[in-house]
Amino acid sequence: MTPRLILFLVLAAFVLCVLLVHLRGRAKLRFDRQLVDHSALFAPYNLLMYAFSAVPATPILDRAGFPQLDLLKDHWRTIREEASHLFDQGFIRAAEKKNDASFNSFFKQGWKRFYLKWYGEALPSAEALCPQTVELLNRLPNVKAAMFALLPPGSKLNPHRDPFAGSLRYHLGLITPNSDDCRIFVDGQMHAWRDGEDVVFDETYVHWAENKTDQTRVILFCDVVRPLRTRVMEAINKRVSAFMGRITASPNEESDSTGIINRLYAFNHSVGQHSKSLKRRWPRAFRVSKYALILIVLWLIFLAPWPFR
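Not measured: the values here are computed from a predicted model. Sequence order sets the numbering: in each chain, residues are counted from 1 along the sequence as written. Given that the model is predicted, a residue must reach a pLDDT of at least 70 before its local features are reported, and side-chain atom pairs must reach 80 or more before they are shown or counted; all residues, however, enter totals for whole chains, interfaces and linings. With hydrogens and water set aside, each side-chain value is computed from the structure's full complement of heavy atoms.

**Overview of the sheet that holds strand S9 (residues 207-211)**
In any sheet, the strands associate via hydrogen bonds between backbone groups, in a parallel or an antiparallel arrangement. Here the rule is simple: two strands pair whenever DSSP picks up at least two bridges between them. Secondary structure elements follow DSSP: runs of H or I of four or more residues count as helices, runs of E of two or more count as strands, with numbering from the N terminus. What the 4 strands build is an open sheet, ordered S4-S9-S6-S7; its pairing is antiparallel. Unpaired on one side and paired on the other, strand S4 (156-160) and strand S7 (189-192) mark the two borders of the sheet. For this sheet the average axis-to-axis angle between neighbouring strands, irrespective of direction, equals 15 degrees. One ladder, built from 3 bridges, connects S4 with S9; its direction is antiparallel. Considered in S9, the bridge of Leu157 is made with Ala209. Where helices are involved, their axes are fitted lines through C-alpha atoms of the stretch in contact, as for all axes, and angles between N-to-C directions lie from 0 to 180°.

Structure below.
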């Protein structure tokens with residue numbers, strides 16, 4: 001087979017994987033959006049996780065199937081006390097340095113977070129500010145990531161898929177309006193957050209959230225390892241999860257580590273801000289430089305002698 005045919009077959013297989021993920025569930029994104037959505041990148045891996053999943057392929061799962069999470073629910077008042085202190089002190093907030101690519105679109109809607117645990121990465125800020133919650137989470141090795149997540153009054157999160165099927169999502173209500181008007185929909189199925197109540201769901205189904213009340217909602221938000229049917233798949237998922245955790249870590253404070261993805265995201269944002277500033281100050285020079293750069297790239301691709309192409 002020619003390289004061009006191999007490339008075509010690889011692209012066709014990838015689009016087929018995205019299509020299969022797109023068709024999963026009743027609620028869907030537009031397919032043109034799904035093709036370019038960040039969740040599309042993991043479509044081949046996610047299909048593998050679905051094939052070996054040991055839990056039913058349903059949007060909201062039976063909470064009784066995750067008895068280890070009883071530890072968190074049984075201590076929800078202790079967790080709420082620490083969350084309330086962080087909320088009052090303003091520690092639950094958006095990324096101040098644009099170094100949290102995973103949730104950047106949520107910040108625009110007023111959503112905020114404080115990381116407690118992130119795929120094996122220690123967060124000194126969490127250990128210092130909420131030690132009891134961190135200690136509880138560390139007793140649960142299947143809980144790979146956790147945070148306090150805030151949804152302000154009158155806000156909403158638009159329909160989206162989370163990209164990674166190696167985990168499931170756990171929500172525990174801490175400070176909520178205790179109302180059906182503060183809720184999440186997972187593939188159209190509704191769950192209203194209430195103090196001390198919890199839910200496990202598959203975040204790779206399309207889901208969206210809204211807080212139509214005049215009160216702030218704060219929950220414990222966790223990633224729980226998806227149960228799989230073979231040890232080989234469990235080992236693969238463990239390694240992939242650890243790698244993804246390292247590159248996507250985002251800090252609460254300067255003392256916390258930042259993964260390479262978020263370092264690059266912050267750098268790109270900084271470059272974009274400088275570009276906007278240059279465009280405002282010297283619009284003509286900016287346009288000339290932009291078109292000159294385009295011509296150089298085209299020359300390197302089509303006209304430059306080897307080894308440039």
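**A closer look at the UniProt feature "transmembrane region" (unreviewed entry) in the protein chain**
When the UniProt feature table is mapped to this numbering, "transmembrane region" (unreviewed entry) covers residues 6-23 and 288-308. The span residues 6-23 carries 94% helix and 0% strand; its end-to-end C-alpha distance comes to 26 Å. UniProt positions are given in the numbering used here, feature names are shortened, and annotations may be inferred rather than shown by experiment.

**A few points about the pairing of strand S6 (residues 182-186)**
Most of S6 is tucked away, with 5 of its 5 residues classed as buried. Throughout, exposure labels follow a simple rule: accessible area from a 1.4 Å probe, protein chains only, divided by the maximum for the residue type, with under 20% read as buried, over 50% as exposed, and the rest as partly exposed. Side-chain alternation along S6 places Cys182, Ile184 and Val186 on one buried face and Arg183 and Phe185 on a second face that is also buried. Pairing of S6 with S9, which is carried by 5 bridges, proceeds in the antiparallel orientation. Paired with Arg183 across the bridge in S9 is Glu210. The pairing of S6 with S7 spans 4 bridges and is antiparallel. Note that in S7 the partner of Ile184 across the bridge is His191. The loop that links S6 with its antiparallel partner S7 comprises 2 residues; one of these, Asp187, has a positive phi angle of about 50 degrees.

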